[in-house]
Every structure is written in C-alpha cells, then in structure tokens.
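One-letter residues, chain by chain:
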Amino acid sequence: MKAKTVLVSAAVGVGLGALLLPGAALAETIVSPATTPVGGTVVLTATTCNPKSGDAIFRVTGPNRDINVRSTTAAAGGGLSAELFTAGFTLGTYTVTATCGDGSAAGSATFTVTPIGGAPAGAGDGTDGTGSLAAGATLLGTALGGALILARRRRHPAGAAA
Amino acid sequence: MWWRRQAPAVVAVALLGTAGLGLIASGLTAAPTRPPRPDAADAPVTARPAPSLPPLPRADPVRVEVPAIGVRAEVVPVAADAAGVLEVPPLDRPALAGWYSPGVSPGETGNAVLVGHVDSPTGPAVFFDLGRLRRGDTVRVTRADAGVATFTVDGVAAYPKDRFPAELVYGPNPVAGLRLVTCGGRFDERSGDYVDNVVVFATRTG
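Residue numbering note: each chain is counted from 1, following its sequence as written. Throughout, the order in which chains and ligands are written sets their labels, letters from A for the former and numbers from 1 for the latter. The model is predicted, so local features are restricted to residues of pLDDT at least 70 and side-chain atom pairs to those at 80 or more, both for listing and for counting; the totals for chains, interfaces and linings are taken over all residues. The side-chain figures draw on all heavy atoms in the structure; neither hydrogens nor water molecules are used.

1. Some details on the sheet that holds strand 6 (residues 73–74) of chain A
All names here are of chain A. Pairing in this open sheet of four strands is antiparallel, and the strands run 1-3-7-6 from one edge to the other. Edge positions in the sheet fall to strand 1 (29–32) and strand 6, since each has one partner strand and no second. The criterion for strand pairing is that DSSP finds at least two bridges linking the strands in question. Numbered from the N terminus, helices here are DSSP runs of H or I no shorter than four residues, and strands are runs of E no shorter than two. Strand direction decides the pairing type here: strand 3 (residues 41–46) and strand 7 (residues 80–85), joined by six bridges, are antiparallel. Bridge pairing in strand 7 links leucine 44 to alanine 82.

Right, here's the structure in full:
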C-alpha cells in the first residue's frame, strides 16, 4: 500500500514537472520549409527565445557554409525568426543551431538544399518515323519533277533536242 | 525510239518514286516509342516498416540492377549544373545511371537518389521501363565497398515537372530509402523535354 502511494506520488510529480517546465521540454528550432531548391528562402525560427532578451543567433553549418544569422523579427507564434536566402549554397543538408539572446540553447534543426525542379532525363525517342517521312517526301518530289520533265520532252521532242 | 533514249531516265524516276513511297509508308507506320505510365494502383503509400537494418557507411554506388525490368547499369556521380538543375548522365551514354552525390549514398540513412534517361534520340534509355515497376519489386545497388544494398519498391508515381516532389525525393528519411527518377508523360516537341518525372520510391530491406 505504501509502495503504491509512493509510485502514484512520483507519477504525479513527473507529470507536474513536465507541465511546469514547458520551455525545457519544447526548446526547438524550426526551419520552414525543410527542403528548398537552391536559391530559395527558408525561415529560421527559435520558438523559445524571448525577444526581450535580445536577438537570437542561428548558426548554419553545412557543405560550404559556417555562418551566423541574426534574428530579425519576432515570430507570429512566439520566439524569434530570420530569413535565409540560399543562393550560392552548395546542394546538401545544413544544420541550424539556435542560441537565444540570453545565451540559452534553443535547439537545432536541419534543412536540405536541392536542385531546382525535376530531372531533364529524356530527349524524345527520335525513332518515330519523322526522318523517314521527310526523306520519302524528298525522293517522291524529285521523282515527280523528273516525270514532269520527261513528259514535256515526249510532247515536244524537237524543243527537247534544241 | 523515245523510250530507248529516255529509258535510263524513266527507270531512275520510277526508282526514286518507289523508294519515296516506301519511305513515306514506313514513316507513317512507325509509331514513336513512349515510356510506360505508372499504374495508379502502385502510387506510393506510407513506406513499409523498415526491418531493423543498421545503416551502411557512405560508399559510392557503382552499379544498379532492377531485375523486373531488366536493368543492369553502371552508375556515375552527378550533381547540379550552374543553374541549379539536376544533372543527368550524358545523352550519348544513355545506358548509364547517375547518383546524386550531394545526397546520401544507397544504404545510408536518408534518401539516395539515382537518375537516368528515359530515352535518347537513338531510342529507349536505361530507365525507360521505370513506370512498369510495381510495389514489391526489388532494386539492388552495388557499392564501391563491394557491399550490395537491396531495396524493395514502395510505390511508383508520375509528377508534373513544375510540381516535382522535392521533399519526398531529397528530404529526410529516418531509414535508408532509394529514389529512382526519370522522365515520363507527354514529350513536348517545343521545349524538347518531357512534361513529367516518374519517381520510384523504395526502402532498404537487405
């Protein structure tokens, strides 16, 4: 009975702790969208940073980048945001680690810079008879021209001889 | 008398005419070879529950085999051109497949991407029959470390190129996935390109 009471108390304590420490549980950084074609813009948001504590710093690391981006706006849903333009970025996956103005860590996230659009992976099968049609029309035209000349020569043999 | 003098010319004209008619007839009957469209029943669904396979370390893929459609192709690395568009192997080598090397390699955690031509001016190319694959078909990728990663197809679908599913193809995946990409749909003579991309979605199963 005593053990049961202790277990229940512990469970209630853990539940209350989770409720009372949402900041610690939900500290996160969001990158939206998580995939962008090179040259696109992504929005970095540190959801738990308090704007009153100063700007958040987003450290972006990846294939050819190790840069710090300072937050520029307060996010609509809370926290701080910055826009990141990916022109010139090497294709690949980047990690964003955020630090709030008060120095506290605000989590990390990744985003992927991809090629633009789909894959140009076809040239059209050229074996569709177009070439045969063109060559056939040329030969037939030549034959008709020759037949006309022959017919004229037959009608006017003297003129043809002259 | 006239016939004798003109006989060679008459024969030449007759031969030209016959050959021309023959070529026109063959041109009219030769239908363009168009790639198969994916079956709607094989549209991608949620990836199969992946077996508990440990991810493989990074290693370049060197060969891809798709037994269901008779593909056995050498693989070369590709990336993107200066405009940011995905590169494909050169058109004069249509039997090659390309591996998107900025991404993960086949067998690593994430989506590895292989791209290949559907056709070339000389006829069907390496991934011509990709749209014929069905859920459950197998894709085997031989890696430079001599390992072989085996994938099972989860689905096949065609997407307009202006709505290419970049997130599904290049985006994150908690398991080792594989994406095979080629062209499909209608060939637009004006742009010299197909209007769709066909994408095969697969998950590593061995």
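2. Description of the pairing of strand 2 (residues 71–78) of chain B
Residues and elements named next belong to chain B. Where strand 1 (residues 61–66) and strand 2 come together, four bridges link them in antiparallel fashion. Directly across from arginine 63, in strand 2, lies its bridge partner glutamate 74. Count of turn residues in the strand 1/strand 2 antiparallel hairpin: four residues, of which glycine 70 carries a positive phi of about 70°. Across four bridges, the pairing between strand 2 and strand 3 (residues 97–100) is parallel. By the bridge assignment for strand 3, valine 76 is matched with glycine 98.

3. Side note on the state of the cysteines
Residues and elements named next belong to chain A. By disulfide we mean two sulfur atoms from cysteines, separated by a distance within 2.5 Å. Across all of its chains, the model carries one disulfide over all chains by this definition. Sulfur-sulfur distance for the disulfide between cysteine 49 and cysteine 100 comes to 2.1 Å. Disulfide cysteine 49 to cysteine 100: torsion about the S-S bond roughly -85°, handedness left-handed. Residue cysteine 49 is located in the loop between strand 3 and strand 4 (57–62), and its partner cysteine 100 is located in the loop between strand 8 (92–99) and strand 9 (105–114); the two are separated by 51 residues in the primary sequence. Only protein chains enter the area calculation, which uses a 1.4 Å probe; residues under 20% of their type maximum are buried, those over 50% are exposed, and those in between are partly exposed. Residue cysteine 49 is classed as buried on the basis of its relative accessible area, which comes to 3%.

4. Quick word on the side chain of serine 105 of chain B
All names here are of chain B. Secondary-structure assignment places serine 105 in the loop between strand 3 and strand 4 (110–116). On the basis of relative accessibility, which here comes to 0%, the residue serine 105 falls in the buried class. In this structure the side chain of serine 105 is engaged in a polar contact, spanning 3.2 Å, whose partner is the backbone nitrogen of alanine 59. Only heavy atoms matter for contacts: two residues are in contact if any of them lie within 4.5 Å across the pair. Here serine 105 is in contact with Pro57, Arg58, Ala59, Trp99, Ala112 and Arg143, once residues within four sequence places are set aside. As used in this structure description, the phrase polar contact means that two N or O atoms lie within 3.5 Å; if the pair is within protein, one of them must be able to donate a hydrogen and the other to accept it, and residues adjacent in sequence are counted only when both atoms belong to side chains.

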